[in-house]
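Structural overview
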Amino acid sequence: MYPRSFDYTAPSSLEEAYAALNEDSKVMAGGMSLLPLMKMRLFSPAVVVDIGRIGGLDQVTDGGDHIEIGALVRHATTASHDLVLAHAAALATAASLTGDVQVRNRGTTCGSLAHADVAADQPAGAIACGAVMIAASSGGTREIPAAEFFVDSLTSALRPDEVLTAIRMPKAGAGEASAYDKLGRRGGHSDYAVAGAAAWVRKSNGSIDAARVAITGVGTRPQLAEAVGEALVGTDGSEEAVKAAAERAADEITVLEDLYGSEEYKRHLAKVYAARAVRQALAAV
Ligand SMILES: Cc1cc2nc3c(=O)[nH]c(=O)nc-3n(C[C@H](O)[C@H](O)[C@H](O)COP(=O)(O)OP(=O)(O)OC[C@H]3O[C@@H](n4cnc5c(N)ncnc54)[C@H](O)[C@@H]3O)c2cc1C
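Residues numbered from 1 in each chain as written. Predicted model: local features only at pLDDT ≥ 70, side-chain atom pairs only at ≥ 80, totals over all residues. Heavy atoms only, no water.

Topic: the packing of aromatic side chains
Using the following cut-off: Stacked, edge-to-face and tilted labels apply to pairs of Phe, Tyr and Trp rings (six-membered ring for Trp) whose centres lie within 6.5 Å, assigned for plane angles under 30 degrees, over 60, and everything in between, in that order. For a lysine, the NZ atom is tested; for an arginine, the CZ atom; a charge sits over a ring if that atom is within 6 Å of the ring centre and within 35 degrees of the ring normal.
Considering all chains together, one arrives at one aromatic pair under this definition. Judged by centre distance (5.2 Å) and plane angle (85 degrees), the ring pair of Phe149 and Phe150 falls under edge-to-face. The ring of Tyr273 carries the charged tip of Arg276 above its face, separated from the ring centre by 4.8 Å.

Considering the pairing of strand β13 (residues 207-216)
Remember that side chains alternate between the two faces of the sheet whenever the strand is regular. As a reminder of what qualifies: Burial here depends on accessible area, computed with a 1.4 Å probe over protein chains only, as a share of the maximum for the residue type. Under 20% is buried, over 50% is exposed, and the range in between is partly exposed. Each helix is a run of DSSP H or I of at least 4 residues and each strand a run of E of at least 2, with the numbering of both proceeding from the N terminus. A pair of strands is considered paired only if DSSP assigns at least 2 bridges between the two.
Within β13, seven of the 10 residues are buried, which leaves it mostly tucked inside the rest of the structure. Pairing between strand β12 (residues 193-204) and β13: nine bridges, direction antiparallel. Bridged to Arg202 within β13 is Ala210. Taken together, the two bridges between β13 and strand β14 (residues 223-224) define a ladder with antiparallel strand orientation. Across the sheet, residue Ile215 finds its bridge partner in β14, namely Gln223.

Let's talk about the sheet that holds strand β1 (residues 7-9)
Condition: Angles shown run from 0 to 180 degrees and are taken between the N-to-C directions of axes, each axis being a line fitted to C-alpha atoms and, for helices, limited to the stretch in contact.
Pairing within the open sheet is parallel, and its three strands lie in the order β1-β3-β2. Taken across any chain shown, the strands that pair with only one partner, and hence form the sheet edges, are β1 and β2 (25-28). On average, each strand axis in the sheet is tilted by 20 degrees relative to the strand beside it, whichever way the strands run. Judged from the four bridges that link them, β2 and strand β3 (residues 47-50) form a sheet pairing that is parallel. Paired with Lys26 across the bridge in β3 is Val48.

The following block contains the structure:
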């Protein structure tokens, strides 16, 4: 199907992009999700604002105590960049498991987050790694914690006039590590998550003193599974402790049946993948 007719603009600066954005427009980065949705006529913006020619947005940068991933950093770069691998391994793995080679070479990490698909990989990584979203418009810049950014299916906390210019994540300190694992829709790792989980843990003097676990694919949005993190804190991270904590993966999050599994199966997968992600993060500490 062809999309409805639309105007196209390719600004050369963020200021020009902000000026072009309104209720009837859509930002385009890699176009990997926007264009299919326009062809299916699920999105019919009057104007497509292509940010692909704006300079300076395609970098992963070292901010001292944090790293920043710019709006035009592709999945392939997120997956392989030394800074992301060192400080946000869960996000790097999630990017490496996003779609196929073409998608990873074209789509952007910020685009995947802004798209807010219920079964996307990188949102869980961003939540677990404590990312902050940098949203900017002509009115200024605001910071949105990743755990509050995903609102509903294909709905983020971004306003129509905002560009997600970057995401910022704290650097991993001593005793901290993260990991991501999922069941892809076609089995194994390829394609969107039937269910997936990202975990970040901090260990000190043999016990876990902080943990975050995020679940994707099972509800209407990627979500922080707070009960799992709380149950891990104070334990030694033994197999017994991990299993007991992961049992709580579906406690406080919305779980829904979909084309890929019943509610019961999704609850089961949330627990299985929470445990896997936590085990992998602990092994990397
Ligand atoms: C064949 C195929 C397989 C896929 N497999 C997977 C998979 O396994 N796992 C997975 O998670 N995803 C998968 N995807 C989805 C895809 O990887 C991402 O959704 C996509 O790459 C989003 O990034 P983009 O730069 O292409 O965004 P676009 O398609 O350009 O935009 C997507 C949405 O985000 C908005 N947007 C983009 N960038 C910004 C920004 N900087 N600021 C504000 N709004 C913005 C757009 O307005 C639009 O609403 C797949 C896609 C395809 C086509």
